[in-house]
Amino acid sequence: MTIQQVFVIGAGQMGGGIAQVCAQAGYQVTLHDLNEESYERGFQVITKNLTRNVEKGRMTEEEKQAVLGRFTKSLDLQNAKNADIVIEAAVENMEVKTSIFAELDKITPAHTILASNTSSLPITEIGAATKRPEKVIGMHFMNPVPVMQLVEIIRGLATDDEVYEAVEEMTKKLKKTPVEVNDYPGFVANRILMPMINEAIFTLYEGVATKEAIDDVMKMGMNHPMGPLQLADFIGLDTCLYIMETLYEGFGDSKYRPCPLLRKYVKAGWHGKKTGRGFYTY
């Protein structure tokens, strides 16, 4: 199972990062988004990242141009018809993802692997929206993608060993470290991380300490590079809430209940760094 043509859905922070590392690894990449504006915004971020690498001596101008030359723009999902693998990085919503996968199932050739960058949603359920659940798999990249080394590779109930091995090999070519994970809500990363962030929000909600104090305790006391409230802003409070709700629904355990303060901020439109305000103002 050879992967050469990569089709990435979503030119946002995650999709753009995934497309960048794939192109840097030598893959031909088609980057897809819903409209020209979203695509151009994402492609400008990729270009800026590569320019910074040139300025820091990590790559030459020629290498940068070669990477950019491996990109093809897509505004129509039908362009996935030649893909060896599709990596979906759309919004973290099951209805959206199953709709995309059902459509991809009709468009792509039989050999195409359909991967989701979901951070918490069941791969088995996403695969059930297709007639090829054995070729559906999770590839959960960490943010920011060009910097972070880990990729959680999640097997659905029906995922073939051959598909897993192909994705594992591709992940290594991207100079990332693949970690095999089974299909449970939140997988490993977010099952551990999100309750910690949620508990930090409860600590603020209950008036135990200020947001700065909570973040300082975790940075200086636990050697975390970023405090949990600052990290939540960076991830997006709407994403944090959605993942907590997925964990709460998936396990039915009260320890995963989202903090009311998190719900309030999301309803107020304070989604963190991307909206200019979350626990902090940007």
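Since the structure is predicted, the reported quantities are computational estimates derived from the model, not experimental observations.

1. Looking at the layout of surface pockets
The calculated volume of the second largest pocket comes to roughly 190 Å³. Lining the second largest pocket, in full, are Met94, Ser120, Leu121, Pro122, Glu125, Pro185, Tyr242, Glu245, Thr246, Glu249 and Gly250. Ranked by residue count, the leading element in the lining of the second largest pocket is helix H10 (residues 237-251), at 5 residues. Class assignment of the residues belonging to the lining of the second largest pocket gives a composition of 5 nonpolar, 3 polar and 3 charged. When residues are assigned to domains, the lining of the second largest pocket turns out to be shared by domain 1 (3-180) and domain 2 (189-273), each giving three or more.

2. Thoughts on the UniProt feature "binding site: NAD(+)" (unreviewed entry) in the protein chain
Under the feature "binding site: NAD(+)" (unreviewed entry), the UniProt entry names Gly10, Ala11, Gly12, Gln13, Met14, Gly15, Asp33, Glu92, Lys97, Ser119, Asn143 and Lys274. With respect to the helices and strands, Lys97 occurs in helix H4 (residues 94-107). For Lys97, the contacting residues outside a window of four places in its chain are Glu88, Ala90, Val91, Glu92, Ser116, Thr118, Leu121 and Ile126. Following the sequence through the fold, Ser119 ends up in the loop between strand E5 (113-116) and helix H5 (123-127). Other than its neighbours up to four places away in sequence, Ser119 contacts Glu92, His140, Gly186, Phe187, Asn190 and Ile243.

3. Observations regarding the sheet that holds strand E8 (residues 177-182)
The sheet built from 8 strands is open, its strands ordered E3-E2-E1-E4-E5-E6-E7-E8 with mixed pairing. Looking along the sheet, the strands with just one partner apiece sit at the ends: strand E3 (71-74) and E8. Across the sheet, the mean angle from the axis of one strand to that of its neighbour is 25°, orientation sign disregarded. The sheet contact formed by E5 and strand E6 (residues 136-141) spans 3 bridges and is parallel. Counted as the bridge partner of Leu114 is Val136 from E6. Most of the contacts of helix H2 (residues 36-55) go to E3, to which it runs at about 160°, and overall it touches strand E2 (28-32) and E3.

Rules and cut-offs
- Every residue gets a number counted from 1 within its own chain, in the order that chain's sequence is written.
- For a predicted model such as this one, the threshold for reporting local features is a pLDDT of at least 70, and the threshold for listing and counting side-chain atom pairs is 80 or more; totals across whole chains, interfaces and linings nevertheless cover every residue.
- The side-chain numbers reported here are obtained from all heavy atoms of the structure, hydrogens and water having been left aside.
- In the cavity and pocket records, a cavity denotes points on a 1 Å grid over the protein atoms alone where a 1.4 Å probe fits but cannot get out, a pocket denotes an open set with protein on both sides within 12 Å along at least 5 of 7 lines, and lining residues are residues with an atom within 4 Å of a point.
- Grid points are joined across faces, edges and corners, and a volume is the space filled by probe spheres set on the points.
- Only DSSP runs of H or I reaching four residues or more are called helices, and only runs of E reaching two or more are called strands; each is numbered from the N terminus.
- For this classification, the nonpolar set comprises Ala, Val, Leu, Ile, Met, Phe, Trp, Tyr, Cys and Pro, the charged set comprises Asp, Glu, Lys and Arg, and every other residue, Gly included, is treated as polar.
- Boundaries between domains were set according to an automatic or database domain assignment.
- UniProt positions are given in the numbering used here, feature names are shortened, and annotations may be inferred rather than shown by experiment.
- Contact criterion: two residues are considered in contact whenever any of their non-hydrogen atoms come within 4.5 Å of each other.
- The criterion for strand pairing is that DSSP finds at least two bridges linking the strands in question.
- Only the stretch in contact is used when fitting a helix axis, every axis being a line fitted to C-alpha atoms; angles between N-to-C directions are given from 0 to 180 degrees.

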